Amino acid sequence: MRLLLVPAVLLALAGASTASPGAHVTLLKCCPYGETLDPHTADGPATCMRVENASESWLPKIFSKRQRSYLKTLPAHWTVHPASPPPCGARARMVPAHPHNQPVFLLFEDGSLYLHETNEILGSARFCVDSTAAIICLPKDDGDASSPSQPPSATSAASVAKANSIEEAKPVKRQRLRKCCIGDAVYSETDASCVTRASTKVAAGADLWTSAGEHLRDAFTVITGFPACRKPGFAVRGYLGDGPAPGTTPAARLEADGMVWVGGSRLKLQPDDYCLEIMVEANGAVVMACPGEDAKPDKGADLRFTWFPAMLFLSVFFLAATLLASCLLPAAYHQLHWRCQTNYVASLMLGDLFLAITQVSGAALAGPFCVVF
């Protein structure tokens, strides 16, 4: 669906304008020459990585509206500034160039950038671009600007008071929670992509916390982006709405620690394995995760994971008693049957012991201990 949509957008934009490129364009390149953005750092501070066998001339993928094709050289009216991220501070967000080979943004000859997820065109001052990703500036909130009716003295006093309160406040580390789409966009299962809220019937005031729970609104630091998957695409794993789940989608529950319980208390998803988003067709928030990867069972909720290591330790005790009793019979030392039995019991005891330790430790074993046990 996405692959068919992009050519249609290109033709529409190309037909809308066939004029000359226009004025001089200053394009911001996020990283220095010979380096590109590391898409794996999209959730944190953006970092650059070296590009092997990088050519001396840097050429991003640029679509020309006049020629209706991609350019093979940089336009003459362009000036590229390397290592120049846009000055948007905390509003900066990295967008991978082609996750799963699906176009996400497109650079035009006039220096603008088309963002497929929100269906908007950004000016050259609101982004920087590289071959692997782009950094865009999200729109400012209405509360960022000072009220024009407020006198300067009041604004200064408020700024000082706010600065003092920030200095006195202690930093609180909160669990990060993924919102699938950028900003106010929502997910459409029909289009298999994020769409603008204005183009849907989703209420303007509806957000994730309307479905997940208002008491969790201040419990998380919300970041945007889908989870990293080994296979392309995503699947709806659960429904967070108050009403009945749509179709066969199981009900889900978000906890304060970031875990999502799916279909009751037997299955759960880690915070990095999913993202939450309002779905147009469901009229509520859904849990989206990688396809073909079921949620992991919670060992604490199943008594089998408690009884199994306990029985193994009990078996180790009786095997050790058997081995000790057989060693108290010196008259049988020379018999081949006794030697075979002793080796068998000792091997079985050690095997049960290591297996019991592995069961009790769970995911705590790492590194060389995994190889040993």
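Residues numbered from 1 in each chain as written. Predicted model: local features only at pLDDT ≥ 70, side-chain atom pairs only at ≥ 80, totals over all residues. Heavy atoms only, no water.

Per an unreviewed UniProt entry, the recorded name for the protein is Probable G-protein coupled receptor Mth-like 1, and the organism is Frankliniella occidentalis. Here the protein is described in UniProt, under the heading Sequence similarities (unreviewed entry), as follows: "Belongs to the G-protein coupled receptor 2 family. Mth subfamily." Comment text from UniProt for the protein, heading Subcellular location (unreviewed entry), reads "Membrane". (UniProt positions renumbered as here; feature names shortened; annotations may be inferred.)

*Asks:* Would you explain helix α5 (residues 336-361) in this entry?
*Replies:* One turn of the α-helix equals 3.6 residues, which is why residues spaced by three or four share an orientation. In this model, α5 (26 residues) spans 38 Å end to end at C-alpha, consistent with the 38 Å of a helix rising 1.5 Å per residue. Along α5, the residues that are buried comprise W338, T342, V345, M349, D352 and A356. On its buried face, α5 sits against α4 (304-327). (Helix = DSSP H or I, 4+ residues; strand = E, 2+ residues; numbered from the N terminus. Expected span 1.5 Å × (residues − 1). Buried < 20%, exposed > 50% of the residue type's maximum accessible area, 1.4 Å probe, protein only. Contact = heavy atoms within 4.5 Å.)

*Asks:* What's the story with α4 in this structure? I'm lost.
*Replies:* In this model, α4 (24 residues) spans 34 Å end to end at C-alpha, consistent with the 34 Å of a helix rising 1.5 Å per residue. Along α4, the positions that sit buried rather than exposed are P309, L312, V316, L319, L323 and S326.

*Asks:* So what exactly am I meant to see when it comes to the packing of α4 against α5 here?
*Replies:* For any two helices packed against each other, the geometry comes down to the angle between their axes and how far apart the axes lie. Axis separation between α4 and α5 bottoms out at 8 Å; the angle between their running directions is 155°. Classified by the interaxial angle, the pair formed by α4 and α5 is roughly antiparallel. Both α4 and α5 take part in a crossing whose hand is left-handed. Taken together, the residues of the contact of α4 with α5 sort by class into 20 nonpolar, 5 polar and 1 charged. (Axes fitted to C-alpha atoms, helices over the stretch in contact; angles between N-to-C directions. Parallel < 35°, antiparallel > 145°, perpendicular 65-115°, else oblique. Left-handed = near helix turned anticlockwise from the far one by under 90°. Nonpolar A, V, L, I, M, F, W, Y, C, P; charged D, E, K, R; others polar.)

*Asks:* Please explain the sheet that holds strand β11 (residues 127-129) as it appears in this structure.
*Replies:* What links the strands of a sheet is backbone hydrogen bonding, and the strands pair in either a parallel or an antiparallel sense. Spatially, the 3 strands line up as an open sheet ordered β7-β12-β11, and their pairing is antiparallel. In this open sheet, the two edge strands, each paired with only one partner strand, are β7 (92-96) and β11. Strand after strand, the sheet turns through a mean of 20° between neighbouring axes, direction not considered. Where β11 meets strand β12 (residues 133-137), 3 bridges bridge the pair, whose relative direction is antiparallel. Of the residues in β12, the one forming a bridge with F127 is I136. (Pairing = 2+ DSSP bridges.)

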